[in-house]
Amino acid sequence: MLRVHIPAQNGNKEILRYPTTKKLYMVDKEKILETLKEVYDPEIPVLNIVEMGIVRDVLFEGKKLVVKITPTYSGCPAMKTIEEEILNILHDDDFDEVAVEKIYAPPWTSDWLTGEAKHKLKQHGIAPPEKNSGIDSSRDYAVKPVLCPFCNSRNTSITSFFGSTACKSLHYCFDCTQPFEHFKCI
Ligand SMILES: [Zn+2]
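Residues numbered from 1 in each chain as written. Predicted model: local features only at pLDDT ≥ 70, side-chain atom pairs only at ≥ 80, totals over all residues.

**Digging into the sheet that holds strand E11 (residues 179–183)**
Step number 1: If you walk across this open sheet you meet the four strands as E8-E11-E10-E9, and the pairing is mixed. Strands at the two margins of the open sheet, each flanked by one partner only, are strand E8 (126–127) and strand E9 (156–160). (Pairing = 2+ DSSP bridges. Helix = DSSP H or I, 4+ residues; strand = E, 2+ residues; numbered from the N terminus.)

**Comments concerning the environment of threonine 70**
Step number 1: Mapping threonine 70 onto the fold places it in the loop between strand E6 (64–69) and helix H2 (78–92).
Step number 2: A sequence separation of 34 residues divides threonine 70 from tyrosine 104, and the C-alpha atoms of the two residues are 5.9 Å apart.
Step number 3: Once residues within four sequence positions are removed from consideration, threonine 70 is found in contact with Ile54, Arg56, Ile103 and Trp108. (Contact = placed C-beta atoms within 7 Å.)

**A closer look at the sheet that holds E6**
Step number 1: What the three strands build is an open sheet, ordered E5-E6-E7; its pairing is mixed. The open sheet is flanked by strand E5 (55–61) and strand E7 (98–102), the only strands paired with a single partner. For this sheet the average axis-to-axis angle between neighbouring strands, irrespective of direction, equals 20 degrees.
Step number 2: Pairing between E5 and E6: six bridges, direction antiparallel. Across the sheet, residue aspartate 57 finds its bridge partner in E6, namely lysine 68.
Step number 3: Across the sheet, H2 touches E6 and E7, and the angle it forms with E7 is around 150 degrees. (Axes fitted to C-alpha atoms, helices over the stretch in contact; angles between N-to-C directions.)

**Here we look at helix H3 (residues 115–123)**
Step number 1: Along H3, the residues classified as buried are Ala117, Lys118 and Leu121. The buried residues of H3 all sit within an arc of 100 degrees when viewed along its axis, so they share a single face. Exposed and oriented more than 90 degrees from the buried face of H3 are Gly115, Glu116 and Gln123.
Step number 2: Looking at the packing, one finds that the buried side of H3 touches strand E4 (44–48), E8 and E11.
Step number 3: Phi for glycine 125, located one or two positions after H3, is positive at around 75 degrees. (Buried ≥ 20, exposed ≤ 12 C-beta atoms within 10 Å, placed from the backbone. Arc of directions from axis to C-beta.)

Here's what the structure looks like:
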């Protein structure tokens, strides 16, 4: 069963028109986005692709459901997995024709992470990116060390530009003596 089709009576919601050969379905865009929240970034398993800002839009082109995504880091091997999972999860929702389209401009920025996403990162001991993107250099870390996700101290230092994945760097907190990862600002 198509679990996302709904009567077209929702005042403010964005309704997508989904024509099949037999009838025209009205599909609530929010519900498709809810489904996509079940897809996680394998490199940051605590965050789903919607709160990461990877999903830019969903729309129908005729019968085809098109999901527009912006890769986080070019060449990020996770994108292939994410793409396959999007196709699988939407096929499970009975959308026969699904396509994933990549959008490279504007490029993804850590500014697109939702507040909830940053909160989750911190809860998992990963320092979230701070407001302004594009300040990711050694000099900047020296001027403004990353806030420790465990004790909120800035008495920290970078130990490696690459953590378990290329999108994270490794840091050490002198106050609580814990190493931690930082989701880089880009
Ligand atoms: Zn600390």
